[in-house]
Amino acid sequence: MTARSVLQQADIARALTRISHEILESNRGSSDLVVLGIPTRGVLLARRIGAILDGIEPGTGTVGSLDVTMYRDDLAKNPTRAPARTDIPAGGIDGKTVVLVDDVLYSGRTIRAALDALSDLGRPRAVRLAVLVDRGHRELPIRADFVGKNLPTAADERINVRLSEIDDTEEVTIQ
Amino acid sequence: MSVVVRGALLPDGTRTDLFATGGTFVAEEPRGARVIDADGLIALPGLVDLHTHLREPGFEQSETVLTGSRAASAGGFTAVFAMANTSPVQDTAGVVEQVQSLGDRHGYVTVRPIGAVTVGLKGEKLSEIGAMAQSRARVRVFSDDGLCVHDALLMRRALEYVSTFGGVVAQHAQEPRLTIGAQLNEGALSSELGLAGWPSVAEESIIARDVLLAQHVGARLHVCHVSTAGSVEVVRWAKARGIPVTAEVTPHHLLLTEELARGYDARFKVNPPLRRDEDVHALRAALADGTIDIVATDHAPHPTESKECAWDEAANGMVGLESALSVVQAAVVDTGLLTWTDVARVMSSRPAEIGLLAGYDTPFAVGSAANFTLVDPAARRTFAVSDLHGKSVNSPYLGRELPGRIVATVHDGYPTVLDGELVDAETVSAAAGAGSNHG
Amino acid sequence: MRHLLSTADLSRDEAIALLDIAEDMADVANREVKKLPTLRGRTVVNLFFEDSTRTRVSFEVAAKRLSADVINFSAKGSSVSKGESLKDTAQTLAAMGADAVVIRHGASGAPRVLADSGWIDAGIVNAGDGTHEHPTQALLDAFTMRRRLHGAASRGKGLDGVRVTIIGDILHSRVARSNVWLLSTLGASVSLVAPATLLPVDTTAWPVTVSYDLDAALGLSPDVVMMLRIQAERMNAAFFPSAREYSRQWGLDDDRVARLPADTMVMHPGPMNRGLEISAGAADSARSTVLEQVANGVSIRMAVLYHLLAGSES
């Protein structure tokens, strides 16, 4: 089955710009925002969002990363995974609005693990979720607040997100 | 009781029939005999083990005279010398006579008890060597095996006193001060594994001292289980000077090395320990050139709980009666170093000679005692627990492919093994009782 | 990785992976909620045939920080001290559903015997066996060295080119053996210093250089000086004549410490004999990593337990 391109470079850039504006709009500004990406590609997207926020309102792009490996509920079914870095910005998350960023929202289990991880790190005032692609098939009651593209998929289809920082191209494909 | 063997190959290769009646070989075929078809089988004189631990009295959970005798028959042996480290120790006429009579009653093999050199094996006072020599057991081999007679003065006295009664001291060469807590051959492997080392010099230095003492007092010395190339050098040097020393090697020291200890499997824990490849090759060459006179098993049964534990906590020893001939075949016959004639010498006539056991000097000759075993040298089998017939299963060969198979064993003219299976104890005991008194 | 019995079994990549996971685990110690739910529902048994409060507590803290349940079986007063065999103890633990067994035993090879025996189907971690190995100690030592050398930029790095000198009773030291294998795997060069009586008779196969002269060895400006504990019993078995002579020849006293380059670390697996193999001044100086070693022990042991237990049962 050949891969079908659903988002090209320009589409991705536009989506991230729109998401960044939506974040600022719903937060009524930029105060106390902390953007945390979920490794690996969620972190890359979070950094881009942070840069865009900084471009709109300087000083707002507080970005970090949140690794959720230790909180996953499916560890026993897979070979041991090496965790990635968790990097919480200096101001912490207490009382802040945390925006979690990930590339694809699917079953929702990664986000559930992220919520558990956050609760061990502090007490945010609110937690929001931004994703580049929402492909449906939720197994838990989780929804994204900011979505780049809604992409209904069949369970046997695969979504591939490639970002130029680490991949050789920039696109989202489905196959 | 008559036995006829058809078409066996003697060690020198000649094909012959063998006839035995009333316990001895005879010239003419007797009537009404049990006939054994020995086509393709080699007939060896009954094997004699100068170094076996029968564990009775005192350690019957590991082995008894009956079970050890059965294991011996299954391995082609018709005589075993039973070491003295029983409980009570074989250091009085009473105990040695008890062990001998048990062997005679069961009848599978001729059991010759070995007398302890020192009382209780404590290494302090000589035991009643004269009483044991003159008892019904007529002990001629004396050993504290398990322990070394390490005190130089006591060893000198022992050599002299034992020679007074025409006997020989069999020394377990191990300087105790150099082997405190020792677990494995000292070398690169022992340091890697974190196991306290048993340095070869602890064996060689005692042998060197003992051969000089034997020379000085003019007494015979026998060295048990030689395990190192250095020990071979010392014995060779001593023999070249005419010192009356004899030496034995175990089958396991001819085949196995210390590398087997890597997994800390205590089946491979033995005293003296398994050594290096160079030592194995030196021992094989020494057996071939006569520097080492005989093979002796050092059959050492232990209960499973003494082996299924950490290495440090495990007992030393391996059972070896059933596997001895196969291991010798694999180590030195199939490798071309010894012929079957040599095997007959190192496993039968020479040990009998050293232990002063009569009846093995002219094998197969008409009029001599009918002690022999039939071996199928072409057989190959994976050695298993079912091949063990003693009480204990601490064999290092389990799961290993070995050549050769004992098909029949005949002791004093009656079979103890037929068609590869042990004859039952009642039949053997009855045959032994019906036979004439042997010595 | 099913068991951790020896550092000789770890490849360079595996070793670096464990050190990197330990970096994350170290971060947990700085959080308010010092717990991760990763090993919830798993049972870790501390099976200590030899007394050791430090190491046992370190493993206990590590397991609890990963939300595992911990059962302590220690030598005194339990059935193991009454002579219950390793086999029976193992089968009892298996019946209780232990997922991992951390074992410290006086006999070299006991963890291997346990792992190969089939008496229990659990991951086995060697917490010190006789004079053979103490793999988590070597891992925490390597972690400590890496952190001191590279700080926050330690991830992914080995110890290439680092010069480590280990001094003391090498012959009887499981810490020395585990360190020798691990440090060379990580690219460090290792040198051993001791009197001949305290060195194994044949170290030709070991990836080390050996010397009897401490001053000469320190004169080569090592990056790390690791002191091993000297046991008084060795004096009675004629390994060296007296504590005084040992200390004079092979002790890290204040003078020797002063002559070391400013960046050289002084390490000790503990417990220390102040005044014998190491002076109080050396032990308490800024070069000394002794307290960090203890803290890092928990992080390393968390990494090891995670690595052994979190993945699929294969």
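Every chain's residues receive numbers from 1 upward, in the order its sequence appears when written. Both sets of labels track the order of writing: A upward for chains, 1 upward for ligands. Side-chain atom pairs in this predicted model are given and counted only at pLDDT of 80 or more, local residue features only at pLDDT of at least 70, and totals for whole chains, interfaces and linings cover all residues.

Looking at this model, I keep getting lost on the pairing of strand β1 (residues 2-9) of chain B. Mind explaining?
If a strand is regular, its side chains alternate between the two faces of the sheet. Residue and element names in this part refer to chain B. As paired strands, β1 and strand β2 (residues 15-21) are joined by 6 bridges and run antiparallel to one another. Counterpart to S2 in the pairing with β2 is T21. Here β1 hands over to β2 after 5 residues, with G13 in that stretch at a positive phi of 100 degrees. Both β1 and strand β4 (residues 34-37) contribute to a ladder of 4 bridges, which runs parallel. The residue bridging V5 from the neighbouring strand is I36, located in β4. The pairing criterion for strands is at least two bridges between them, as found by DSSP. Numbering of helices and strands runs from the N terminus; a helix is a DSSP stretch of H or I covering at least four residues, while a strand is a stretch of E covering at least two.

Even after reading the chapter, I still don't get the domain arrangement of chain C, so can you show me in this structure?
One frequently used descriptor of interface size is the decrease in accessible area upon assembly of the parts. All names here are of chain C. Splitting chain C by domain gives domain 1 (7-134 + 294-309) and domain 2 (135-292). Here the bounds of each domain stem from an automatic or database domain assignment. One C-alpha centre belongs to domain 1, the other to domain 2; they are set 25 Å apart. Here, residue contact means that the backbone-derived C-beta atoms of the two residues sit within 7 Å. Between domain 1 and domain 2, the contact holds 28 residues from the first and 27 residues from the second. At the level of elements, α1 (12-28), β4 (123-129) and α12 (290-309) are the ones that each hand at least two residues to the side of domain 1 that touches domain 2. No other element matches α1, which puts 8 residues into the side of domain 1 that touches domain 2. Of the residues contributing to the side of domain 1 that touches domain 2, the split by class is 12 nonpolar, 9 polar and 7 charged. Classes in brief: Ala, Val, Leu, Ile, Met, Phe, Trp, Tyr, Cys and Pro nonpolar; Asp, Glu, Lys and Arg charged; the others, Gly included, polar.

Can you help me understand the interface of chain C and chain B in this one?
In this assembly, 23 residues from chain C lie in contact with 17 residues from chain B. Going through the elements one at a time, α3 (86-95), α4 (110-117) and α6 (174-185) of chain C are the ones with two or more residues in the side of chain C that touches chain B. At 4 residues, α4(C) tops the list of elements feeding residues into the side of chain C that touches chain B. Residues that form the side of chain C that touches chain B fall into these classes: 7 nonpolar, 9 polar and 7 charged.

Explain the packing of helix α5 (residues 135-150) of chain C against α12(C) to me, please; I cannot follow it from the model alone.
A packed helix pair is summarised by two numbers, namely the angle formed by the two axes and the spacing between the axes. Residue and element names in this part refer to chain C. Structural elements are reduced to axes, namely lines fitted to C-alpha atoms, with helices fitted over the stretch in contact, and the angle between N-to-C directions of any two is expressed from 0 to 180 degrees. Closest axis-to-axis distance for the α5/α12 pair is 8 Å, and the angle between their directions is 115 degrees. The handedness of the crossing between α5 and α12 is right-handed. Here α5 contributes T136, L139, L140, D141, F143 and T144 to the contact with α12, which in turn contributes E292, Q293, N296, G297, I300, R301 and V304. Here the residues of the contact of α5 with α12 are counted per class, giving 5 nonpolar, 5 polar and 3 charged. Less than a right angle of anticlockwise turn of the near helix away from the far helix marks a crossing as left-handed, whereas a clockwise turn marks it as right-handed.

Explanation requested: the interface of chain A and chain C in the structure shown.
With 14 residues of chain A in contact, the opposing surface of chain C contributes 15 residues. In the side of chain A that touches chain C, the residues fall into 8 nonpolar, 3 polar and 3 charged.

Honestly, the packing of α1(C) against α5(C) in this entry has me stumped. Any pointers?
Residue and element names in this part refer to chain C. Their axes nearest at 10 Å, the elements α1 and α5 cross at an angle of 70 degrees. Judged by the angle between their axes, α1 and α5 are roughly perpendicular. Crossing of α1 over α5 shows right-handed handedness. Facing L18, L19 and A22 of α1, the residues of α5 in contact are L139, A142, F143 and R146. For the contact of α1 with α5, the residue count by class is 6 nonpolar, no polar and 1 charged. Orientation labels follow simple angle bins: below 35 degrees gives roughly parallel, above 145 gives roughly antiparallel, 65 to 115 gives roughly perpendicular, and whatever is left gives oblique.

What is the right way to read the sheet that holds strand β7 (residues 77-82) of chain B from this model?
Backbone-to-backbone hydrogen bonds pair the strands of a sheet. The strands run either parallel or antiparallel. All names here are of chain B. Here 3 strands make up an open sheet; going across it, the order is β6-β7-β8 and the pairing parallel. Two strands in the sheet have a free side with no partner beyond their single neighbour: β6 (47-52) and β8 (110-113). With direction set aside, neighbouring strand axes in the sheet form an average angle of 20 degrees. Sheet topology note: the β7/β8 ladder contains 4 bridges and is parallel. In the strand pairing of β8, A82 is matched with P113.

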